[in-house]
Amino acid sequence: DAVTDALTKLFNHGQFWALLEQMAAHTLRHGTYLTLIQIDVDLFKHYNDTYGHDQGDVILRALAEYLRSFCRASDIICRYGGEEFVIIMAETDIAQALLFAERFRAGLKTQPVLSAITVSIGISCMVVKADEKTRSGGYDLKKICAKLYKLADDQVYRAKHEGRDRVCVAEPFSPLKTRDNRKLFEVLIVEDEEKTAHDISHIVQIKGFQARIAHTL
């Protein structure tokens, strides 16, 4: 199939970029959030070298199945390549994505096959406020999508550098040049605290969330 990965049956690398552009255009038109979650299996080469590539394929298929069961119907799940998976989440803010990612990471430890691995997760988010929505024709969608991906990828690298088996979050950005993205980030933190504190408290304390965010700035 031209759009799916043969091993996992998830959308493949090429389809990921096509779908991400579609969702970025939707976000620009409607004024909302677009979040990317990148998941990378820790020390996967070592796992393959130790247990063999066939067992490595078992891990990748199991991870794909767990992602299908864990994600919402509206989420777009892709295998970007190798041991890297990406989720495109429409109308999902940073706090919601962090809650999802922490639950997913913790849930792996309860799975018979997947408990043998850990993952590093990076999150990026594009924000277009309702009063700023615009037609996507005035923007370079490829450049916007590349930035969204790079921000998430950088956070995966950071998670691995800090010891693996963790979630790291990038500063949200707006494609509108007139926005002060740092100020936008501070506003979103306050809004997300008020909206999701009761949901996040049993997994990630809000103060810990703020400290993690502060470390990225």
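Since the structure is predicted, the reported quantities are computational estimates derived from the model, not experimental observations.

Parameters at a glance
Residues numbered from 1 in each chain as written. Predicted model: local features only at pLDDT ≥ 70, side-chain atom pairs only at ≥ 80, totals over all residues. Heavy atoms only, no water. Core = buried A, V, L, I, M, F, W, Y, C linked by side-chain atoms within 4.5 Å. Buried < 20%, exposed > 50% of the residue type's maximum accessible area, 1.4 Å probe, protein only. Helix = DSSP H or I, 4+ residues; strand = E, 2+ residues; numbered from the N terminus. Contact = heavy atoms within 4.5 Å. Phe/Tyr/Trp six-rings, centres within 6.5 Å; stacked < 30°, edge-to-face > 60°. Salt bridge = Lys/Arg side-chain N within 4 Å of Asp/Glu carboxyl O. Pairing = 2+ DSSP bridges. Axes fitted to C-alpha atoms, helices over the stretch in contact; angles between N-to-C directions. Expected span 1.5 Å × (residues − 1). Polar contact = N/O pair within 3.5 Å; in protein donor to acceptor, adjacent residues only side chain to side chain. Parallel < 35°, antiparallel > 145°, perpendicular 65-115°, else oblique. Nonpolar A, V, L, I, M, F, W, Y, C, P; charged D, E, K, R; others polar.

Section: the nonpolar core
Moving on, step 1. Core analysis: the biggest nonpolar cluster contains 34 residues, and Ile 37, Ile 39, Phe 104, Ile 121 and Ile 123 have the highest contact counts within it.
Moving on, step 2. Elements supplying a minimum of two residues to this core: strand S1 (33-41), helix H2 (44-51), helix H3 (53-70), strand S3 (84-90), helix H4 (94-108), strand S4 (119-127) and strand S5 (167-169).
Moving on, step 3. Among the elements that line this core, the one with the most residues is H4, at seven residues.
Moving on, step 4. Ignoring sequence-local partners within four residues, the contact set of Ile 37 consists of Phe 85, Val 86, Ile 87, Met 89, Ala 97, Phe 100, Ile 121, Gly 122 and Ile 123.
Moving on, step 5. Of all hydrophobic cores here, the second largest spans 24 residues; its members include Phe 16, Ala 24, Ile 76 and Val 86.

Focus: the packing of aromatic side chains
Moving on, step 1. Under the counting rule described, the total for this entry stands at 13 aromatic pairs.
Moving on, step 2. The rings of Phe 16, Trp 17, Tyr 80 and Tyr 149 are connected pair by pair, giving a single aromatic cluster.

Regarding the pattern of salt bridges
Moving on, step 1. Applying the stated criterion across every chain, the model contains 12 salt bridges.
Moving on, step 2. Residue Asp 49 pairs with Lys 45 through a salt bridge whose shortest N-O separation is 3.0 Å. Note that Asp 49 and Lys 45 are positioned in helix H2 at a spacing of four residues, about one turn of the helix.
Moving on, step 3. A salt bridge links Lys 150 to Asp 154, with the shortest nitrogen-to-oxygen separation between them at 2.9 Å. In this pair, Lys 150 and Asp 154 both sit in helix H5 (residues 141-161), four residues apart, roughly one turn of the helix.

Some details on the sheet that holds S4
Moving on, step 1. Within the open sheet, the five strands sit side by side as S2-S3-S1-S4-S5. Their pairing is mixed. A single partner strand is all that each edge strand has here, and the edge strands are strand S2 (76-81) and S5. Across this sheet, the average inter-strand angle for adjacent strands is 20°, counted without regard to direction.
Moving on, step 2. Where S1 and S3 come together, seven bridges link them in antiparallel fashion. Bridging across to S3, Leu 36 finds its partner in Ile 88.

A short note on helix H1 (residues 13-30)
Moving on, step 1. With 18 residues, H1 should reach 26 Å at 1.5 Å per residue; the first-to-last C-alpha distance of 26 Å fits that figure.
Moving on, step 2. For H1, every residue scored as buried is listed here: Gln 15, Phe 16, Leu 19, Leu 20, Met 23, Ala 24, Ala 25, Thr 27 and Leu 28.
Moving on, step 3. In this fold, the buried residues of H1 make contact with S1, S2, S3, S4 and H5.
Moving on, step 4. The N-capping residue of H1, defined by a side-chain oxygen 3.3 Å from the backbone nitrogen of Gly 14, is Asn 12.
Moving on, step 5. Backbone geometry just downstream of H1 places Gly 31 in the positive-phi region, at approximately 70°.

Thoughts on the packing of H1 against H5
Moving on, step 1. One can describe the packing of H1 onto H5 by two numbers: an axis separation of 9 Å at closest approach and a directional angle of 105°. Classified by the angle their axes make, H1 and H5 are roughly perpendicular. Contacts between H1 and H5 involve Phe 16, Trp 17, Leu 20, Glu 21, Ala 24, Ala 25 and Leu 28 from the first element and Leu 141, Lys 142, Ile 144, Cys 145, Ala 146, Leu 148 and Tyr 149 from the second.
Moving on, step 2. Looking at the contact of H1 with H5 residue by residue, the classes come out as 12 nonpolar, no polar and two charged.

Structural notes on the pairing of S2
Moving on, step 1. Across the six residues of S2, five count as buried, placing the element largely inside the fold.
Moving on, step 2. Here five bridges tie S2 to S3, and the two strands are oriented antiparallel to one another. The residue of S3 that forms the bridge with Cys 78 is Val 86.
Moving on, step 3. Count of turn residues in the S2/S3 antiparallel hairpin: two residues, of which Gly 82 carries a positive phi of about 55°.

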